[in-house]
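# Chains, contacts and geometry: an overview
Here is what each chain is made of, one letter per residue.
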Amino acid sequence: MAAALAEWKQKQVSVMTGDGRLIVGTLSGYDQLQNLVLSGAHERVYSLDAPVELVPLGLYVIRGDNVAVVGDCDDGAGDDDGTLEDARADPIPPIVHATF
């Protein structure tokens with residue numbers, strides 16, 4: 001996985017965590033355990049009743065065991081152009097591990 005992250009270094013990425021958070025920032029660093037360092041990070045909090053809330057986080061470290069999905073965040077929808085203002089969605093639920 002670390003080799004796949006090399007092409008995204010110093011680019012904006014979106015990270016979904018195991019507890020259902022969506023964090024966007026510039027990938028500043030990573031290691032072989034998939035620990036991520038994001039600079040200029042913010043959390044996008046979705047709700048059905050309100051616009052997307054952007055919570056500034058600054059320099060942010062995400063432990064590799066909490067990373068669920070990492071993706072390129074070049075979707076053309078910037079945070080400052082008003083496109084997120086109209087977005088509504090259910091909050092993302094955390095991962096539930098089933099026991100058998």
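The present account deals with the structure reproduced in this document.

How each quantity is defined
- Residues numbered from 1 in each chain as written.
- Predicted model: local features only at pLDDT ≥ 70, side-chain atom pairs only at ≥ 80, totals over all residues.
- Heavy atoms only, no water.
- Helix = DSSP H or I, 4+ residues; strand = E, 2+ residues; numbered from the N terminus.
- Buried < 20%, exposed > 50% of the residue type's maximum accessible area, 1.4 Å probe, protein only.
- Contact = heavy atoms within 4.5 Å.
- Areas by Shrake-Rupley, 256 points an atom, 1.4 Å probe, with all protein chains shown as cover.
- Core = buried A, V, L, I, M, F, W, Y, C linked by side-chain atoms within 4.5 Å.
- Pairing = 2+ DSSP bridges.
- Axes fitted to C-alpha atoms, helices over the stretch in contact; angles between N-to-C directions.
- Salt bridge = Lys/Arg side-chain N within 4 Å of Asp/Glu carboxyl O.

### Re the overall build of the chain
Within the chain one finds one helix and five strands. The secondary structure elements of the chain, listed N-terminal to C-terminal, are α-β-β-β-β-β. Across the 100 residues in the chain, those meeting the buried criterion constitute 29%. At a minimum sequence separation of 6, the contacts of the chain that also span at least 24 residues come to 51%. Accessible surface for the chain amounts to roughly 6,300 Å². Of this, 53% is attributable to carbon and sulfur atoms.

### Describing the nonpolar core
Grouped together as the largest cluster of nonpolar side chains are 12 residues: Leu5, Trp8, Val13, Val15, Ile23, Leu27, Leu36, Leu38, Ala41, Ile62, Val67 and Val70. Counting residues per element, the ones that place at least two in this core are strand S1 (12–17), strand S2 (22–30), strand S3 (36–45) and strand S5 (67–72). Per-element tally for this core: the top contributor is S3, with three residues. Every residue in contact with valine 70, bar those within four places of it in the chain, is listed here: Leu5, Trp8, Val13, Ser14, Val15, Gln34 and Leu36.

### Quick word on the environment of proline 51
Along the chain, the position of proline 51 falls in the loop between S3 and strand S4 (53–62). Owing to a relative accessible area of 37%, proline 51 belongs among the partly exposed residues under this scheme. Along the primary structure proline 51 and glutamate 85 are separated by 34 residues, whereas in three dimensions their C-alpha atoms are 5.1 Å apart. Non-local contacts of proline 51, meaning those with residues more than four positions away in its chain, are made with Val45, Glu85, Ala87 and Arg88.

### Focus on the sheet that holds S1
The antiparallel open sheet is built from five strands, whose spatial order is S4-S3-S2-S1-S5. A strand with exactly one partner marks an edge of an open sheet, and here the two such strands are S4 and S5. Ignoring strand direction, the axes of neighbouring strands in this sheet form an average angle of 30°. Looking at chain direction, S2 and S3 are connected through seven bridges and run antiparallel. Note on S3: the bridge partner recorded for tyrosine 30 is leucine 36.

### Section: the pattern of salt bridges
Summed over all chains, the structure comprises two salt bridges. The closest approach of N and O atoms between arginine 21 and glutamate 43, which form a salt bridge, is 2.9 Å. Here arginine 21, found in the loop between S1 and S2, pairs with glutamate 43, found in strand S3; they are 22 residues apart in sequence, far enough to count as distant. By relative accessible area, which is 23% here, arginine 21 ends up partly exposed. In this structure, the salt-bridge partner of arginine 63 is aspartate 65, at a minimum N-O distance of 3.1 Å.

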